[in-house]
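# Fold and contact review
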Amino acid sequence: MSDMVSVFDQPNDGLFFALRGSEMHWFFVQGAQALRKELYIPGVLSLINGIEATLRITIHQLAGKSFNEDVSDYKLLSNSLINKAGDKGMPILALAFPGESDFSANLATTKPNRVDVKIVALRNDLCHGNVTPFLNRELGEDLIFFTPECLRETSQILLSVSKQWVEELSRFRLATLGY
């Protein structure tokens, strides 16, 4: 865990500006700022929204559409959206959590046996208010509870994944879109 704690100690929010798009980078900057202030729920949600925004906007731009054209409201962070990004050559493996060796295999699953990759499962849980996976059970079954601090470890992992994603996506965008 000591490696993860250092993620907060090294802000480096400037790397998020490499995305060269305020419609994308502010989600990451504000998410990282919230996490440093121990605002875990808004921090995690902001990072998740940043990942979703970068996927949706980059796919939109790769399709030759201008920013004046609306980005679809229906393309949410999902295995399907990540697969579509991968089909466009985007560096989607950067979205895998540490130790998520089944990332590619899970992306290939389909309904009714679909298994969401960790970033999608996290998005679905938190955006729908399901905190069950994050409950503190250390005091026994009679004293199970949730506090925002229950998201601390997850937030550290997500911040690391977000930084890796932004670094790789920025290089991809520069090479394919020129910015």
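Up top is the structure these notes are about.
So, here's what we can say about the structure. Predicted model, so just to flag it, every value in this text is computed and none were measured. (Residues numbered from 1 in each chain as written. Predicted model: local features only at pLDDT ≥ 70, side-chain atom pairs only at ≥ 80, totals over all residues. Heavy atoms only, no water.)

Attention now goes to the overall build of the protein. Broken down by element type, the protein carries seven helices and zero strands. Its helices and strands taken in sequence order, the protein reads α-α-α-α-α-α-α from the N to the C terminus. Look at the contacts in the protein between residues 6 or more apart in sequence, and 65% of them connect residues 24 or more apart. Per element, the accessible surface of the protein, about 9500 Å² overall, is 52% carbon and sulfur. (Helix = DSSP H or I, 4+ residues; strand = E, 2+ residues; numbered from the N terminus. Contact = heavy atoms within 4.5 Å. Areas by Shrake-Rupley, 256 points an atom, 1.4 Å probe, with all protein chains shown as cover.)

This part is about the nonpolar core. Among the nonpolar cores identified, the biggest contains 41 residues, and Ile51, Leu55, Ile82, Met90, Ile119, Leu158 and Trp165 are the most heavily contacted of them. Contributing elements (two or more residues each) for this core: helix H2 (22–36), helix H3 (40–62), helix H4 (79–87), helix H5 (103–107), helix H6 (118–127) and helix H7 (152–177). Among the elements that line this core, the one with the most residues is H7, at eight residues. In this view, Trp165 contacts Phe28, Ile51, Thr54, Leu55, Met90, Pro91, Ile92, Ala94 and Leu95; residues no more than four positions away in its chain are not counted. (Core = buried A, V, L, I, M, F, W, Y, C linked by side-chain atoms within 4.5 Å. Buried < 20%, exposed > 50% of the residue type's maximum accessible area, 1.4 Å probe, protein only.)

Before going further, it helps to spend a moment on the environment of Gln164. Position of Gln164 relative to the elements: it lies in helix H7. Given the relative accessible area of 33%, Gln164 is considered partly exposed.

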